[in-house]
6 protein chains.
Amino acid sequence: MTSYHQPVNAAAVPRFAGRSTFMRLPAVDSAEGLDIALVGIPWDGGTTNRAGARHGPREVRNQSSLMRSAHHVSGIAPYQIANIADVGDLPVNPIDLLDGISRIEEGMSRIVATGALPLSIGGDHLTTLPVLRAVNKSGRAGVRPLGMIHFDAHSDTNDSYFGGNRYTHGTPFRRAIEEGILDPARIVQIGIRGSVYETGEHDWAKAQGVRIIYMEEFARRGVDDVMAEVLDIVGKQETYVTFDVDSIDPSMAPGTGTPEIGGLTTREAQQMLRQLHGVNIVGADVVEVAPPFDIGGMTALVGATVMFELLCILADQVRRNRAA
Amino acid sequence: MTSYHQPVNAAAVPRFAGRSTFMRLPAVDSAEGLDIALVGIPWDGGTTNRAGARHGPREVRNQSSLMRSAHHVSGIAPYQIANIADVGDLPVNPIDLLDGISRIEEGMSRIVATGALPLSIGGDHLTTLPVLRAVNKSGRAGVRPLGMIHFDAHSDTNDSYFGGNRYTHGTPFRRAIEEGILDPARIVQIGIRGSVYETGEHDWAKAQGVRIIYMEEFARRGVDDVMAEVLDIVGKQETYVTFDVDSIDPSMAPGTGTPEIGGLTTREAQQMLRQLHGVNIVGADVVEVAPPFDIGGMTALVGATVMFELLCILADQVRRNRAA
Amino acid sequence: MTSYHQPVNAAAVPRFAGRSTFMRLPAVDSAEGLDIALVGIPWDGGTTNRAGARHGPREVRNQSSLMRSAHHVSGIAPYQIANIADVGDLPVNPIDLLDGISRIEEGMSRIVATGALPLSIGGDHLTTLPVLRAVNKSGRAGVRPLGMIHFDAHSDTNDSYFGGNRYTHGTPFRRAIEEGILDPARIVQIGIRGSVYETGEHDWAKAQGVRIIYMEEFARRGVDDVMAEVLDIVGKQETYVTFDVDSIDPSMAPGTGTPEIGGLTTREAQQMLRQLHGVNIVGADVVEVAPPFDIGGMTALVGATVMFELLCILADQVRRNRAA
Amino acid sequence: MTSYHQPVNAAAVPRFAGRSTFMRLPAVDSAEGLDIALVGIPWDGGTTNRAGARHGPREVRNQSSLMRSAHHVSGIAPYQIANIADVGDLPVNPIDLLDGISRIEEGMSRIVATGALPLSIGGDHLTTLPVLRAVNKSGRAGVRPLGMIHFDAHSDTNDSYFGGNRYTHGTPFRRAIEEGILDPARIVQIGIRGSVYETGEHDWAKAQGVRIIYMEEFARRGVDDVMAEVLDIVGKQETYVTFDVDSIDPSMAPGTGTPEIGGLTTREAQQMLRQLHGVNIVGADVVEVAPPFDIGGMTALVGATVMFELLCILADQVRRNRAA
Amino acid sequence: MTSYHQPVNAAAVPRFAGRSTFMRLPAVDSAEGLDIALVGIPWDGGTTNRAGARHGPREVRNQSSLMRSAHHVSGIAPYQIANIADVGDLPVNPIDLLDGISRIEEGMSRIVATGALPLSIGGDHLTTLPVLRAVNKSGRAGVRPLGMIHFDAHSDTNDSYFGGNRYTHGTPFRRAIEEGILDPARIVQIGIRGSVYETGEHDWAKAQGVRIIYMEEFARRGVDDVMAEVLDIVGKQETYVTFDVDSIDPSMAPGTGTPEIGGLTTREAQQMLRQLHGVNIVGADVVEVAPPFDIGGMTALVGATVMFELLCILADQVRRNRAA
Amino acid sequence: MTSYHQPVNAAAVPRFAGRSTFMRLPAVDSAEGLDIALVGIPWDGGTTNRAGARHGPREVRNQSSLMRSAHHVSGIAPYQIANIADVGDLPVNPIDLLDGISRIEEGMSRIVATGALPLSIGGDHLTTLPVLRAVNKSGRAGVRPLGMIHFDAHSDTNDSYFGGNRYTHGTPFRRAIEEGILDPARIVQIGIRGSVYETGEHDWAKAQGVRIIYMEEFARRGVDDVMAEVLDIVGKQETYVTFDVDSIDPSMAPGTGTPEIGGLTTREAQQMLRQLHGVNIVGADVVEVAPPFDIGGMTALVGATVMFELLCILADQVRRNRAA
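Residues numbered from 1 in each chain as written. Chains lettered and ligands numbered in written order. Predicted model: local features only at pLDDT ≥ 70, side-chain atom pairs only at ≥ 80, totals over all residues. Heavy atoms only, no water.

Chain A goes by Agmatinase in an unreviewed UniProt entry, where it is assigned to Paracoccus methylovorus. For the record of chain A, the UniProt heading Sequence similarities (unreviewed entry) holds the text "Belongs to the arginase family. Agmatinase subfamily." (UniProt positions renumbered as here; feature names shortened; annotations may be inferred.)

Right, here's the structure in full:
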């Protein structure tokens, strides 16, 4: 167990010192031998309004230096039970959308081929599409399509923009459902809110069977009731977790491209994430952290902390799988 | 119905492009033919501490480019049921208080004379006084005085400042009650909090019959209970709605002149605003958005979204009135 | 009673004018004759990561110009019932940790020797150690050790850093317990959260009898239930109140060295502080306001308002003591 | 002459009030009847590092409200001698590079077809390529290729990026030379500086005959000597003027994607621009103002002022042409 | 000599500690006994666009804590040769222009009546009008009218705004000339630049005999040549020095209401100010520091340093007068 | 030559992607085999006022991603002629001054023992003292004491602070001269300015033979004349180059602890640094970049660019040494 990668010890090396990697873990060049691969996807080519999520991985690495080694609620010490490292950023192309998606899929395929669970940080939400493709084709996911737990202010199931563009950060899950990568009956979206393009904007998704839990329903029912339904929807089969930081209220996560007021508090988000133990997670991501619109690193800190919450869930899953 | 003004389509023209008008609606020169007139009041001559609300309309226009066309909870699509446009800013005078008030009253009188419902964005809270005068004299309000639903951290019913100045953003509603424009028995103030000049600061208002729901009472009772009382107080008669952005917590709306911690969340505010259907609203405003103290446009976004919430309520009222 | 120090009257002198003192009270050179001494401790020599709390007192003074004269919930008008003034900053040494602590203890000893209750603003949390020493040695506290009500994201009961440094802002309460200044059985910590160095990080404190109310327990139980326990733990004996601003969520108090998401809201904090009437308080502080990391003075405003909340509690205690 | 469009009078309507258009001029829907068309190009699809220039036109419009009506050095009052208005933004596509370029060319072609001189604000520097195509095909430029006066920190004559992408904001002028739109012997670049990809990075441009005046040469020779050479190079034939705001030092224009220290001062830039009287200008632009990286609107103010300097030059040219 | 007020010693008390007064000097309640009175004028009621200079004195006090005790070029140690203190802020009225001016004149009259030389910090430039009135009526100035050395981007000699308002920060020196307080033939304005309302905007001032040295002339002639003329213009008679911080380039002083690019560098300003030895100065001010638009305290630091430069000139004059 | 470390190719991997190392070079664990070692010293324990330089190395690494591979003036391509890498940060102790200095000396000694030339980024200026000790004891410097070219606003030759502290960022060069590490007759300080503690503050340094070129002398003489004297003073013997970023004007480098207006422009600094070819440099550093006070990364970009300028000088020296 001592052979697992360990973060730099902050009681010896201050948090402001040393290289900037996810969770202060070693930087490695390959996911070989890892249980969980932390990876950046610095790309926002699908952004229709305010770009900037391309800078997300670097700032989340920076703020993740504030994370310590164990979870104070679950008691999980991830680096004691799983081999985890920072595998760097996936290759991207900032000026060619289709090439960008293709490079991300290829890069992620190499990671999941090693058997490591990917925990990535975007990048805009379109990055989740090539990640899902890679996880589905090359990864552990033995069955298709996948279920998905989706925290977001937006459903991201629109059809096209700007006269026919079918790939934007507003369309990834429509594409993934069409491609058979996601099982719409096992998708649940939490935190959806804000004005819509038209009254029936979510009709297509609902018709496919996607369960949308709007902010208002969430506020009325509370965390525990909602999460019971969420866990029931995804069941025991392979599930992906995607966390759009704009699910969080803009006062807590201002650094994002499409803020919507009236959002989740970080406290609510943490309470929900901590209930994911036992879900069969094949990968997870945090997206839409856009540092040029951030204030004092606040959003990157939320991103890093959500990443740590997910990391503890994934490490526990590694432990359980190993025990099984 | 197709003849109503429509906002620019964001799936064709990105949100960062095109002219900056309220909700990306057409800019028109007169309120003639409109059901609802969106109007700016760039004036903060009544501000006793931190000025800046004069810049509010421009930044709220800017952030309102993030608003879409329909309300995701009520399903109301305002531009399908009412004719709405941006009528520009009222004339102001930044260096002469009494002339400033007078110009605002005159400008607003021209708007309400057309029969359009005014939805304005300030400006400091003293701007509401001339607006109320105009609505009362020239507008639809067939009876006087008006009721008022008032979201704020402060009661704004002080008497005078700086040795006798009776017109400041701390005094508008005392003046409006004295002038017989407002019916104190039909005024309800929500979110009031913060230290006071003296223990009995609110005694005058209470003695007139104004109902003050302090933050503490609000927190204890919750949205639904409070709103039941609010709707009961204003009844079916003509009512004005005024939303001071400092009712919202400074973490969510830092860009204002007189912040008070421990405020409303935007979620609570939205829940309250959505219960205003059926109130007989003769006009509404959002005030005290002060961009020089704002952070990343956060407060202007709150202002724009509250404006959209109110717009949906007003459009629904137009529809109901037309049906009746 | 008219001889008590009074703050500048904001209805005569605007809040942006005049000298910058705590609550706009007179600046005095000695605590002689005061019931409550407001004092700055501009020192962050114990900070292990992001320094900056040395600038806290100046910015809290600045933002405290927004405070008025009476508490709108309790009705307490502190300057009518107690003699209160700004006694300036304690002497410090920014580049020598042990000398810094020693100067603070000495400076605070002079204040408490006059019989004034100290209400200080740090500075990092290590400043509370010399303050506790002074209060215990020279102050009113006739018995030792003291109880303590401690609002914080962190327990601050670690042992050492950087290869043996026993004095940092992560260790003050371990030292104070070891020195016999604090009675661990009468310490209660509220708001503790965030990842930990190791799973058993808090074992030592718990073994001493310190009661740690983690954020999760707080969220589950609510303010009233938690405060009932808090008041029970400290009882009627001498108690110190220390408020680390990082107990508050970073969206509301970003200007601090060690932010942890998922924190207390200011509304919750105010509700708790208002229940401290009747506690036998021998001194209080607000610490870890770090202006270089603050945004628009937001955290300093929280610090100033918490200070005013505590001031009202202390003034009421002065009144009760005098009556008794 | 009184029939020319006039800006809003700031001695009547304060600068913070009213609609946000370039120079507070009327917003018109077509360039028909204009001598000079002010136009936004909100597109940064060619940006290889820090995107954000898509937000440039809106913020430059905002800051241009500080411009007054006449030039204090030349005495030119542009709105007295030419018909000028804000024709809005060109159509763009933020997620498809080739479609984006194509829309810009088409939109600009419509403007220049009216005979109006275009003065545009980007957008990244790749926008200048489709503008040059439009000016060359549809505009007044009766001869091809054009000369160009080019203020920039970078030569922008690279060949390709990211494995073959030939269209980025680092390549527009190589493409324009290859397409025969620009005459390399009549191109002069001023302010070029900063580290280079390789020692021979500028060899291709120099081989074509482009004259590069590096920052060091500029500093040594001074404004007057440099401008004499510049005017000599472009001669009396049709010439385009392109002003990349990163030619200015980042302390004065921080809001740009690729800052290089040691740049031009605004004073030097103004002195140079004021010597352009008499050049046969067929169009001009200001590019790379990236508001998400700007500080207090500083760079947008530089952009707006440079735009006003160019506008005075263009208006004077209109006057001379009309006189001829 | 040891009886003169001394600033706090920064080698004993760090610059971030202690009360915030001008230059860390004692705060006194009256100018009695002082040679030079440092005074704040927190008022911006004359501002036609971006208000905020009301917050200037507080932030300049804050940044002045960086000033040390002696001038490194002239060797002047002002606190060794003159009695200097911070006399606080003048009374103001933020919501009534004429009352505001009147209070400022009254307050300043009390100061100059003691014989102390006033060095004030605004406030917008309209504050200089009542200061000049006070200096002229009550101060040492035995002759009228005064000469004036005026650093500014704007001439501030307009006639009226907003339909007849004759008192704004764009008109003070027209009023002062009309009132006979200033001798136009002994006024010199340096750094004037930026677009103008109309081509002849400065004709009135020039016709009175005011010497306007535009930025372009300054840049061409250089500091020494310009200052020779300046000193010649004001001669040996009583002269006031007014320094509008917008004379400085906005990259160095962004925190001001009416920025104009292409301004003076601080280095040039310091070189000019250091040549004022020997001028018969009857008072001086620094105005238009507007903290809400400032960035990182940059402009307040410029304001504080200019104030220190002027203070050294004034102290030297006190010494010379005493010797004479 | 192909075996030298190369930076990541930005035409393949965008500048916002990939790990954050100095100049995007490989991160290595030891200086063995390197010609030049780039190293961070994240420590500001000697800072007497505004701390924050501890965060300098991380942000300079971040901004150094904007640097390319060759110098556009000298044509030097450092990575083609020398083996260069990022060796990480030296060990530090943020809360114990003497232990901090000792760790830095030890860490730097390990680097210089390999024969690599150190180019470090602080950290406050006290870090230069242990670096000089290491270079002198363990490095190539075969003779002692060293010469030094010192760019700074301050002489940093004070004696003690806060009642006897002899080690602060205001004293390093007095200590180094006393320890015999520096030869005062071969020290030249450029850019010195700002008010002083007392008129004779620099007398000790001057008495030792240190040559202080104040800002005023620099401005008068110009770059070439000053640098001729500088090169003459240090001669051909071993020389250290230390660049305090506060030598640069605060408008260009606001992120520093002790800003002084009227400073060097970056253009002037670059012109001076480019004349250092031929100096026998045994090490160099850039210090006092304090990100918490920085604005938009401006100062870190200056730091990174100055580092690149120095790197080209050092690489050329490596080439010459190898040739010799």
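Caption draft 1: Structural view of the relation of the copies chain C and chain A. For the pair chain C and chain A, the best superposition has an RMSD of 0.0 Å and corresponds to a rotation of 120 degrees with a translation of 0.0 Å parallel to the axis. When the rotation and shift are considered jointly, the pair of chain copies conforms to a three-fold rotation axis. Proximity to the rotation axis, assessed at the C-alpha, singles out S251 of chain C in chain C; its C-alpha lies 3.4 Å from the axis. The share of interface residues of chain C whose copies in chain A are also at the interface is only 6%, consistent with the copies meeting through different surfaces. (Least-squares fit on C-alpha atoms with pLDDT ≥ 70 in both. Contact = heavy atoms within 4.5 Å.)

Caption draft 2: Quick look at the packing of helix α9 (residues 266-273) of chain C against helix α10 (residues 298-323) of chain C. All names here are of chain C. Contact geometry for α9 and α10: axes closest at 10 Å, N-to-C directions at 15 degrees. One way to sum up the angle between α9 and α10 is to call them roughly parallel. The way α9 lies across α10 gives a crossing that is right-handed. Here T266, Q270 and L273 of α9 come into contact with α10, specifically with V302, T305, V306, E309, L310 and I313. Here the residues of the contact of α9 with α10 sort into 5 nonpolar, 3 polar and 1 charged. (Axes fitted to C-alpha atoms, helices over the stretch in contact; angles between N-to-C directions. Helix = DSSP H or I, 4+ residues; strand = E, 2+ residues; numbered from the N terminus. Parallel < 35°, antiparallel > 145°, perpendicular 65-115°, else oblique. Left-handed = near helix turned anticlockwise from the far one by under 90°. Nonpolar A, V, L, I, M, F, W, Y, C, P; charged D, E, K, R; others polar.)

Caption draft 3: View of the environment of G191 of chain A. All names here are of chain A. Considering the arrangement of structural elements, one finds G191 in strand β5 (residues 182-192). Judged by its relative accessible area of 0%, G191 falls in the buried class. Beyond its immediate sequence surroundings of up to four residues, G191 is in contact with D152, A153, I213 and M215. (Buried < 20%, exposed > 50% of the residue type's maximum accessible area, 1.4 Å probe, protein only.)

Caption draft 4: Quick look at the packing of aromatic side chains. Applying the stated rule across the entire model yields 18 aromatic pairs over all chains. Each ring, one from Y161 of chain A and one from F162 of chain A, has its centre 5.8 Å from the other, and the planes form 50 degrees; the classification is tilted. Clustering of aromatic rings is evident, with ring pairs tying together Y161, F162 and Y197 of chain A. Its end group placed over the ring of Y197 of chain C, R68 of chain A keeps NZ or CZ at 5.5 Å from the ring centre. One residue, R50 of chain F, lies across the ring of F293 of chain F, its end atom 4.1 Å from the ring centre. (Phe/Tyr/Trp six-rings, centres within 6.5 Å; stacked < 30°, edge-to-face > 60°. Lys NZ or Arg CZ within 6 Å of the ring centre and 35° of its normal.)

Caption draft 5: How the structure looks around the sheet that holds strand β6 (residues 211-214) of chain A. Residue and element names in this part refer to chain A. With parallel pairing, 8 strands are arranged side by side in an open sheet as β2-β1-β3-β8-β7-β4-β5-β6. The open sheet is flanked by β2 (84-89) and β6, the only strands paired with a single partner. Ignoring which end each strand starts from, the neighbouring axes of this sheet average 15 degrees apart. Of the pairings in the sheet, the one linking strand β7 (residues 239-244) to strand β8 (residues 281-287) comprises 6 bridges and is parallel in character. By the bridge assignment for β8, Y240 is matched with G283. (Pairing = 2+ DSSP bridges.)

Caption draft 6: How the structure looks around the environment of G180 of chain E. All names here are of chain E. The residue G180 is located in the loop between α5 (172-178) and β5 (182-192) in this model. The partly exposed category is assigned to G180, whose relative accessible area is 27%. As a C-alpha pair, G180 and N136 span 44 residues in sequence and 9.8 Å in three-dimensional space. With residues near it in sequence (within four places) discarded, G180 still touches R144 and P145.

Caption draft 7: Focus on the interface of chain B and chain C. Between chain B and chain C, the contact holds 33 residues from the first and 30 residues from the second. Interface area, chain B with chain C, both sides summed: about 2,500 Å², of which 60% is carbon and sulfur. It is S195, Y197 and I261 of chain B that lose the most area in chain B upon contact with chain C, and together they represent 27% of the buried surface on that side. Inspection of the chain B/chain C interface yields 3 salt bridges. (Buried area = accessible area lost by both parts, 1.4 Å probe. Salt bridge = Lys/Arg side-chain N within 4 Å of Asp/Glu carboxyl O.)

Caption draft 8: Structural view of the relation of the copies chain B and chain C. Turning chain B through 120 degrees and shifting it by 0.0 Å along the axis lays it on chain C, with an RMSD of 0.0 Å. Of the residues that chain B buries at the interface, just 6% are likewise interface residues in chain C, meaning the two copies contact each other through different surfaces.

Caption draft 9: A look at the arrangement of the chains. At the C-alpha level, the nearest point of chain A lies 14 Å from chain E, with no contact between them. The least C-alpha distance between chain B and chain F, which are not in contact, is 14 Å.

Caption draft 10: Inspection of the pattern of salt bridges at higher detail. In total, this model carries 144 salt bridges over all chains according to the counting rule given. Where E309 of chain B meets R274 of chain B, a salt bridge forms, and the shortest distance between an N and an O atom there is 2.8 Å. Of this pair, E309 of chain B sits in helix α10 (residues 298-323) while R274 of chain B sits in the loop between α9 (266-273) and β8 (281-287), and the two are 35 residues apart along the sequence. Salt-bridge contacts for D35 of chain D lead to R322 of chain D; the nearest nitrogen and oxygen are separated by 3.1 Å. One end of the pair, D35 of chain D, is in the segment before β1 (36-41); the other, R322 of chain D, is in helix α10 (residues 298-323), with 287 residues separating them in the sequence.

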